[in-house]
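Observations on the model geometry
Residues per chain are reported as follows:
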Amino acid sequence: MAQTQPLTYVLKTHVAKLGKHQGKKVVQAHPTHRQTVSFERFCTLVSGHSTFNYMEVASILNLSADMARDLVANGSSVEYGRLGFLQPSMRSVQVPEGEAFDAAKHIKSARVVLRPKQRYFDLKGMRYERFSLQPASPSTAPKTKQPKKAEEGHGGSSETSGPGSTGGHNSGL
């Protein structure tokens, strides 16, 4: 397995809506989004660490998701390995006591929810690295060496300007 990279974050300022800092400006860390790994890429990564090929991994993952959905649709809670439990959930409107409850009218939607296992989803031991959205100020920016100007007749970079430059075009070709 690959070694984990530091989790990068940015600091964002906002007004707290809850808690002991309610109504005050606060700074809070938010993780940055590195990339989204597609299902195909994920299956390729898994197949690289197993005896299954990409298509077999994709088939097994899709079959297990479909089977779990069917079981949850029938009212079961499914332990889905390290991830946690898949359970049925529904959104329903409140009906005053004594009034008839009509499922077709009062239940708005049903869905599958994941109740994650804390042991698996708790990222203890992570390293953190701050990511700056703003360019560094000139005083804190690292010093970079300026590229040497190409001498006339020796090739090199043609992006210099000044006397004798060709305006970005190499006229010697």
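Throughout what follows, the structure given in this document is the object of discussion. (Residues numbered from 1 in each chain as written. Predicted model: local features only at pLDDT ≥ 70, side-chain atom pairs only at ≥ 80, totals over all residues. Heavy atoms only, no water.)

1. Quick notes on the overall build of the protein chain
Rule in force here: Under the DSSP-based scheme used, a helix requires at least four consecutive residues in state H or I and a strand at least two consecutive residues in state E, with every element numbered from the N terminus. Remark: exposure states derive from per-residue accessible area (1.4 Å probe, protein chains only) relative to the maximum for the residue type, with buried under 20%, exposed over 50%, and partly exposed in between. Accessible surface area values rest on a Shrake-Rupley calculation with a 1.4 Å probe, where residue burial reflects the displayed protein chains alone.
When you go through the protein chain residue by residue, the secondary structure sums to four helices and six strands. Each helix and strand of the protein chain, ordered N terminal to C terminal, gives the series β-β-α-α-β-β-α-β-α-β. Here the protein chain, with 173 residues, has 9% of them falling under the buried criterion. Of the roughly 15400 Å² of accessible surface on the protein chain, 54% is carried by carbon and sulfur atoms.

2. With respect to the pattern of salt bridges
Side-chain pairs of opposite charge can arise whenever the charged atoms involved come near each other. The condition that has to hold: The rule for a salt bridge is simple: a side-chain nitrogen of Lys or Arg has to be within 4 Å of a carboxyl oxygen of Asp or Glu.
Tallying each qualifying case throughout the model produces one salt bridge. The residue K117 makes a salt bridge to E79 at a minimum N-O spacing of 2.7 Å. Of this pair, K117 sits in the loop between β5 (107-116) and α4 (118-121) while E79 sits in strand β3 (residues 78-79), and the two are 38 residues apart along the sequence.

3. A closer look at a positive patch on the surface
Stated formally: Distance thresholds for patches are 9 Å for like charges and 5 Å for nonpolar side chains (Val, Leu, Ile, Met, Phe, Trp, Tyr), applied to residues having over 30% relative accessible area and no salt bridge. The sign given to each residue is positive for Lys and Arg and negative for Asp and Glu; His and the chain ends receive no count. For this purpose, a charge sits on NZ of Lys, CZ of Arg, CG of Asp or CD of Glu.
Together, R91, K105, K108 and R111 make up a region of like positive charge exposed at the surface. Among the structural elements, K108 can be located in strand β5.

4. Details of the side chain of S47
Selection rule: We call two residues in contact when some of their heavy atoms are within 4.5 Å.
Mapped onto the fold, S47 is located in helix α1 (residues 39-48). Among all residues touching S47, those that are not within four sequence positions of it are F52, N53, Y54 and V57.

5. Some words on the environment of K117
This is how the line gets drawn: Definition of a polar contact: a pair of N or O atoms within 3.5 Å, with one able to donate and the other able to accept a hydrogen when the atoms are protein atoms, and with sequence-neighbouring residues admitted only if both atoms are side-chain atoms.
Sequence-wise, K117 and E79 are 38 residues apart; in three dimensions their C-alpha atoms are separated by 9.8 Å. Setting aside anything within four residues of it in sequence, one finds K117 in contact with E79, G81, R82, L83, G84 and F85. Polar side-chain contacts of K117 include one of 3.2 Å to the backbone oxygen of G81.

6. Here's the deal with the sheet that holds strand β4 (residues 84-92)
Each strand in a sheet pairs with another by means of backbone hydrogen bonds, the pair being arranged parallel or else antiparallel. Put simply, the rule reads: DSSP-based pairing: two strands are paired if at least 2 bridges between them are found. To define axes, lines are fitted to C-alpha atoms, for helices over the stretch in contact only, and angles between the resulting N-to-C directions are given on a 0 to 180 degree scale.
Across the sheet, which stays open at both edges, the three strands sit in the order β3-β4-β5 with antiparallel pairing between neighbours. Here the strands that pair on one side only, and so sit at the sheet edges, are β3 and β5. By the bridge criterion, two bridges tie β3 to β4 in an arrangement that is antiparallel. Among the inter-strand pairings, E79 is bridged to a residue of β4, identified as F85. In this fold helix α2 (residues 54-73) packs onto β3, β4 and β5, with an angle of close to 50° to the strand it touches most, β4.

7. Brief notes about a nonpolar patch on the surface
The grouping of V37, F39, F42, L45 and V46 at the surface amounts to a nonpolar patch, some 380 Å² of accessible area in total. By the secondary structure assignment, V46 is in helix α1.

8. Some points on the packing of α1 against α2
For clarity, the cut-off: By definition in this entry, angles of less than 35 degrees are roughly parallel, angles greater than 145 are roughly antiparallel, angles of 65 to 115 are roughly perpendicular, and the rest are oblique. For any pair of crossing helices, the crossing counts as left-handed if the nearer helix is rotated counterclockwise from the farther one by less than a right angle, and right-handed if it is rotated clockwise. Residues are grouped as follows: Ala, Val, Leu, Ile, Met, Phe, Trp, Tyr, Cys and Pro are nonpolar; Asp, Glu, Lys and Arg are charged; all remaining types, including Gly, are polar.
Contact geometry of α1 with α2 gives a least axis separation of 8 Å together with a crossing angle of 115°. On the basis of their axis angle, the class for α1 and α2 is roughly perpendicular. As for the relative orientation of α1 and α2, their crossing is right-handed in sense. Listed contacts from α2 to F39, E40, F42, C43, T44, V46 and S47 of α1 are Y54, V57, A58, L61 and N62. Looking at the contact of α1 with α2 residue by residue, the class counts come to eight nonpolar, three polar and one charged.

9. Focus: the sheet that holds strand β6 (residues 128-130)
The three strands lie next to each other as β2-β1-β6, forming an open sheet whose pairing is mixed. Across the chains shown, the open sheet's two edge strands, defined by having one partner strand only, are β2 (25-31) and β6. Each strand axis lies, on average, 40° off the axis of its neighbour in the sheet, ignoring direction. Pairing of strand β1 (residues 7-15) with β2 involves seven bridges; the strand directions are antiparallel. Across the sheet, the residue bridging to V10 is H30, located in β2.

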